[in-house]
Amino acid sequence: MKQLSENIIQPLTEWFRKNRRELPWRADRDPYHVWISEIMLQQTRIEAVKKYYIRFITALPDIRSLSEVDDDTLLKLWEGLGYYSRARNLKKAALMITSDFGGVFPNTFKEIRSLPGIGDYTAGAIASICFHERVTAVDGNVMRVVSRLIQSGENILLPETKRLISERICRILPEDAGVFNEALMELGETVCLPNTAPLCESCPLKDFCEAYRHHLTDRLPVRIKTAKRKQVEKTVFLIRSSDSRIAIEKRPDEGLLSKMYQLPNIDGYYSEKELKSILTDWKLRPAEVHYLKDKKHIFTHIEWHMRAYTVTTETAPERFLWVTEEELKDAYPLPVAFQKFI
């Protein structure tokens, strides 16, 4: 893998200072704000994150409030962002900051990295942006920019490639590492784009870019996935009682979407006769069943292929929690996978 030229530092940082977007978490360098935004931005686009970030910070403005929030409120605040383990780890980290760091956000990469849910990238981003530590912050945007700059043919989905790119950046990292790291990320988000043609003519680094010089920007970076997601068929029930309340239930304390609420569901697809037998076992009498729709929901390592049915019943057995639509909207965290059917 080729080296990265330190000549990119000045044009990149000058470009960033002139073109940086005004984002809610950039209003200050408060580590709590940067931390929440970075966790939200994992697996989620910036435009989508803005409203969730403002809602979250308004409700939980500091580490103490985050450490004391109850799980249902926390997951409701996170509803719509997905990957709910991120929210649970935020609270775990807030509790650890309270107990181990006196309620003050740690100020070194090593200490920040020790918090639950924080990896090398997030620790590097917070340490460099908030505390001016000379460490790298390598995310997918940075990997793409550097891969094109040095015309790397390495698979960016491999941990070894990330380590090598981090080494290349570390060798030229300036004193103001935070600005440099943010500039690389911003370039990847707004100019050196994924899944479409990059805006090379607007790029401050085009004169230093090997992929641009050799017309390879459409082929780089290299991404080779090694495993397919497991596909699971599910039957989902949107059950309404005679007074229009909806049946929900709480998921287990561990595993996928833990501690959240869900519409009743079972693995597999079933015939109409089998469905009525299942509903009878659940003491739903009488139960009128109608096909609703099919939907797919993709998680990191698994796909749910869901077939949903509406069910109307005169009974409301205690095996379920029965709530109004307004209560479901305001108080119970329901994953997007199930919101598709409401």
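You'll find the structure just up there.
Now for a look at the structure at hand.

About the criteria used
Residues numbered from 1 in each chain as written. Predicted model: local features only at pLDDT ≥ 70, side-chain atom pairs only at ≥ 80, totals over all residues. Heavy atoms only, no water. Axes fitted to C-alpha atoms, helices over the stretch in contact; angles between N-to-C directions. Helix = DSSP H or I, 4+ residues; strand = E, 2+ residues; numbered from the N terminus. Parallel < 35°, antiparallel > 145°, perpendicular 65-115°, else oblique. Contact = heavy atoms within 4.5 Å. Nonpolar A, V, L, I, M, F, W, Y, C, P; charged D, E, K, R; others polar. Disulfide = S-S within 2.5 Å. Buried < 20%, exposed > 50% of the residue type's maximum accessible area, 1.4 Å probe, protein only. 1 Å grid on protein atoms, 1.4 Å probe; cavity = no way out; pocket = protein on both sides within 12 Å on 5 of 7 lines; lining within 4 Å. Points joined across faces, edges and corners; volume = space filled by probe spheres on them. Salt bridge = Lys/Arg side-chain N within 4 Å of Asp/Glu carboxyl O. Core = buried A, V, L, I, M, F, W, Y, C linked by side-chain atoms within 4.5 Å. Arc of directions from axis to C-beta.

1. Focus on the packing of helix α9 (residues 140–149) against helix α11 (residues 177–190)
The packing of two helices is summarised by the inter-axis angle and the distance between the axes.
Part 1 of the reasoning: The geometry of α9 relative to α11 is characterised by a closest axis approach of 8 Å and an angle of 85° between their N-to-C directions. As far as their axial angle goes, α11 and α9 are roughly perpendicular. Packed against α9, whose contacting residues are Asn141, Val142, Arg144 and Val145, the element α11 presents Leu184, Met185, Leu187, Gly188 and Glu189 at the interface.
Part 2 of the reasoning: Along the lines of polarity and charge, the residues of the contact of α9 with α11 split into five nonpolar, two polar and two charged.

2. Structural notes on the state of the cysteines
Part 1 of the reasoning: Scanning all chains against the criterion turns up zero disulfides.
Part 2 of the reasoning: The structure places no disulfide on Cys170, whose sulfur is separated from the nearest cysteine sulfur, that of Cys130, by 19 Å.
Part 3 of the reasoning: Here Cys170 falls in the partly exposed class, since its relative accessible area comes to 45%.
Part 4 of the reasoning: Just so you know, Cys192 is unpaired, no disulfide at all, and the nearest cysteine sulfur is the one on Cys203, 6.3 Å from it.
Part 5 of the reasoning: Under the relative-accessibility criterion, Cys192 is labelled buried at 10%.

3. Topic: empty space enclosed by the protein
Part 1 of the reasoning: Scanning the entire structure with this criterion turns up one cavity of 30 Å³ or more.
Part 2 of the reasoning: There is about 110 Å³ of room inside the largest cavity.
Part 3 of the reasoning: Top contributing element to the lining of the largest cavity by residue count: α9, with three residues.

4. Let's talk about the pattern of salt bridges
Part 1 of the reasoning: This model, assessed by the stated rule, comprises 26 salt bridges.
Part 2 of the reasoning: Salt bridges here are not isolated pairs; linked through shared partners, they connect Arg21, Arg26, Arg29, Glu182, Glu186 and Glu189.

5. What to know about the nonpolar core
Part 1 of the reasoning: In terms of nonpolar packing, the biggest core is built from 97 residues, with Trp35, Ile36, Phe56, Leu66 and Ile169 touching the most fellow members.
Part 2 of the reasoning: In contact with Phe56, not counting residues within four places along its chain, are Tyr32, Ile36, Met40, Leu66, Leu74, Leu77, Trp78 and Leu90.

6. Overview of helix α13 (residues 272–281)
Part 1 of the reasoning: Every buried residue of α13 is accounted for by Leu275, Ile278 and Leu279. When α13 is viewed along its axis, its buried side chains cluster within an angular range of 95° and face the same direction. Along α13, the residues that are exposed and aim more than 90 degrees away from the buried face are Lys273 and Asp281.
Part 2 of the reasoning: Against the buried residues of α13 lie β1 (230–240), β4 (265–267), β5 (287–298) and β6 (302–313).
Part 3 of the reasoning: A positive backbone phi angle near 65° is found at Lys283, which sits one or two residues after α13.

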